[in-house]
Number of protein chains: 2
Amino acid sequence: MSKIKETSTNFANKQALADECPEVYAASIIGGQWTLVICSWLINGKLRFGELKRLLPNITERMLTLQLRKLEENKIVSRTVYAEVPPRVEYELTPIGYEMKSVIKALEKWGEKHKKLE
Amino acid sequence: MSKIKETSTNFANKQALADECPEVYAASIIGGQWTLVICSWLINGKLRFGELKRLLPNITERMLTLQLRKLEENKIVSRTVYAEVPPRVEYELTPIGYEMKSVIKALEKWGEKHKKLE
DNA sequence: GACATTACTTACATTTTTTATAGTACCACA
DNA sequence: TGTGGTACTATAAAAAATGTAAGTAATGTC
């Protein structure tokens, strides 16, 4: 993710759009490349870092970390660290995270319908 | 959009995800920076290129064109050119485009709820 | 003391997306 | 001849997102 340039036009545009349209705001939060899949998995219950990694065979650890951090920042997942060795960290959706279910469902439904058009 | 490199890992990952998850597939179609706003406007009825431009004061003509082209490719909007001078081009959602309404509604609702958490 | 395990972090490279700026074609109308 | 309006296109550059490869800390077990 690296820091985002707060002086860029791009940043201003994104801000303005997210401010005005809740749907764009929502999309900006769940729009990362791996975000939706991660949430889709987590909707079935909490998972450890390594479990997620195994479920998403092509994701790099860096990307997984970045996405989880962003989700955490946005209060969509909670992170619990167990003081063990080797370490154990569990990720779980927050209440608002679980409420994404209706969004995911709507996207799924529309996506399936759209796919049939090809 | 400039051509996308079909040999990149990124491309492969995107493909694989979209293939497996209809929700990710859907997100990949409507996930462009301006896509959702454009569709939100069009859901109220057809609009001309210039009208869209005025509704989205910060978008560049290039971006508007690119997004509309992508939406057209994905059969979400239809493009009607009138052989007049000066030219007139109208954009309208297709049936499947109009069906995005439920997705937009779900995003809106969740977005508003999430925003209150801040 | 070497090794394995887990959940990361860091530095760097590449790819993709978005923005900036300046054109173009068409013809009516002055 | 020149200007105006509309919907674009071309090219370059900046910014953002993603990927690659290597390394770290902690500690129980061999």
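Use the structure listed above.
Residues numbered from 1 in each chain as written. Chains lettered and ligands numbered in written order. Predicted model: local features only at pLDDT ≥ 70, side-chain atom pairs only at ≥ 80, totals over all residues. Heavy atoms only, no water.

Description of helix H5 (residues 61-73) of chain A
Residues and elements named next belong to chain A.
- Between its first and last C-alpha, H5 extends 18 Å over 13 residues, near the 18 Å set by a 1.5 Å rise per residue.
- Of all the positions in H5, only Leu 64, Leu 66, Gln 67, Leu 68 and Leu 71 are classed as buried.
- For H5, the elements touching its buried residues are helix H3 (35-42), helix H4 (49-55), strand E2 (77-82) and strand E3 (88-93). (Helix = DSSP H or I, 4+ residues; strand = E, 2+ residues; numbered from the N terminus. Expected span 1.5 Å × (residues − 1). Buried < 20%, exposed > 50% of the residue type's maximum accessible area, 1.4 Å probe, protein only. Contact = heavy atoms within 4.5 Å.)

As for the relation of the copies chain B and chain A
- For these two chains of identical sequence, chain B goes onto chain A by a turn of 180° and a shift of 0.0 Å along the axis, with RMSD 0.1 Å. Such a turn and shift between the copies fits a two-fold axis.
- When the interface residues of chain B are mapped onto chain A, 100% of them are again interface residues, pointing to one common binding face. (Least-squares fit on C-alpha atoms with pLDDT ≥ 70 in both.)

Looking at the sheet that holds E2 of chain A
Residues and elements named next belong to chain A.
- Reading across from one edge, E1-E3-E2 is the order of the three strands in this open sheet, with antiparallel pairing throughout. If you trace the sheet from one side to the other, it starts and ends with strand E1 (47-48) and E2, each paired once.
- By the bridge criterion, six bridges tie E2 to E3 in an arrangement that is antiparallel. Each residue of the ladder has a partner; that of Ser 78, found in E3, is Glu 92.
- Set on the sheet, H3 makes contact with E1, E2 and E3; between it and E3 the angle comes to about 90°.
- Against the sheet, H5 contacts E2 and E3, and its axis sits at roughly 115° relative to E2. (Pairing = 2+ DSSP bridges. Axes fitted to C-alpha atoms, helices over the stretch in contact; angles between N-to-C directions.)

Topic: the environment of Leu 55 of chain B
Residue and element names in this part refer to chain B.
- Relative to the assigned elements, Leu 55 resides in helix H4 (residues 49-55).
- Assessed through its relative accessible area of 31%, Leu 55 is described here as partly exposed.
- Spatially, the C-alpha atoms of Leu 55 and Trp 41 are 8.3 Å apart, while their sequence positions differ by 14 residues.
- Those residues within four positions of Leu 55 in sequence are excluded, and the remaining contacts are Trp 41 and Leu 47.

Observations regarding helix H2 (residues 22-30) of chain B
- Taking burial as the measure, the nine residues of H2 of chain B include seven buried ones, the bulk of the element.
- Along H2 of chain B, the positions that sit buried rather than exposed are Pro 22, Glu 23, Val 24, Tyr 25, Ala 26, Ile 29 and Ile 30 of chain B.
- Buried residues along H2 of chain B sit in contact with H3 and helix H7 (101-115) of chain A together with helix H1 (9-20), helix H3 (35-42), helix H5 (61-73) and helix H7 (101-115) of chain B.

Quick notes on the pairing of strand E3 (residues 88-93) of chain B
Residues and elements named next belong to chain B.
- Two strands pair when backbone bridges link them, and strand E1 (residues 47-48) and E3 are joined in this way by two bridges, in the antiparallel orientation. Following the sheet pairing, Leu 47 is matched in E3 by Tyr 91.
- Counting the residues in the hairpin turn of strand E2 (residues 77-82) and E3 gives five residues.

Considering the nonpolar core
- Counting residues in hydrophobic clusters, the biggest one holds 68 residues, and the most contacted among them are Ile 38, Ile 76 and Trp 110 of chain A together with Ile 38, Ile 76 and Trp 110 of chain B.
- Apart from the residues lying within four places of it in its own chain, the contact partners of Trp 110 of chain B are Ala 26, Ile 29, Ile 30, Ile 76, Ile 96, Glu 99, Met 100 and Val 103 of chain A. (Core = buried A, V, L, I, M, F, W, Y, C linked by side-chain atoms within 4.5 Å.)

Re the packing of H7 of chain A against H2 of chain B
- At a minimum axis distance of 7 Å, the contact between H7 of chain A and H2 of chain B shows a crossing angle of 80°. The angle between H7 of chain A and H2 of chain B falls in the class roughly perpendicular. Residues Ile 104, Leu 107, Glu 108, Trp 110, Gly 111, Glu 112, His 114 and Lys 115 of chain A of H7 of chain A lie in contact with H2 of chain B, whose contacting residues are Pro 22, Glu 23, Tyr 25, Ala 26, Ala 27, Ile 29 and Ile 30 of chain B.
- Tallied by class, the residues present in the contact of H7 of chain A with H2 of chain B amount to nine nonpolar, two polar and four charged. (Parallel < 35°, antiparallel > 145°, perpendicular 65-115°, else oblique. Nonpolar A, V, L, I, M, F, W, Y, C, P; charged D, E, K, R; others polar.)

Some thoughts on the side chain of Asn 13 of chain A
- When you line up the elements, Asn 13 of chain A lands in helix H1 (residues 9-20).
- Beyond its immediate stretch of four places on either side in the chain, Asn 13 of chain A contacts Gln 33, Trp 34 and Asn 58 of chain B.

Quick look at the protein's contact with DNA strand D
- Lining the immediate surroundings of DNA strand D are 30 residues, of which Arg 62 of chain A together with Asn 13, Glu 61, Arg 79 and Tyr 91 of chain B lie closest.
- Take the atoms of DNA strand D that sit within 4 Å of the protein: sugar and phosphate atoms are 69% of them.
- Measuring from a phosphate oxygen of DNA strand D, one finds a backbone N or O atom of Gln 33 of chain A at 3.1 Å.
- Between DNA strand D and Asn 10 of chain B there is a distance of 2.7 Å, counted from a sugar or linking oxygen to a side-chain nitrogen or oxygen.
- Elements that contribute at least two residues to the surface near DNA strand D include exactly H1 and H5 of chain A together with H1, H4, H5 and E3 of chain B.
- Element by element, the count of residues in the surface near DNA strand D is highest for H5 of chain B, at four residues.
- When the residues that make up the surface near DNA strand D are grouped by side-chain class, the tally is 11 nonpolar, 10 polar and nine charged. (Near = heavy atom within 4 Å. Polar contact = N/O pair within 3.5 Å; in protein donor to acceptor, adjacent residues only side chain to side chain.)

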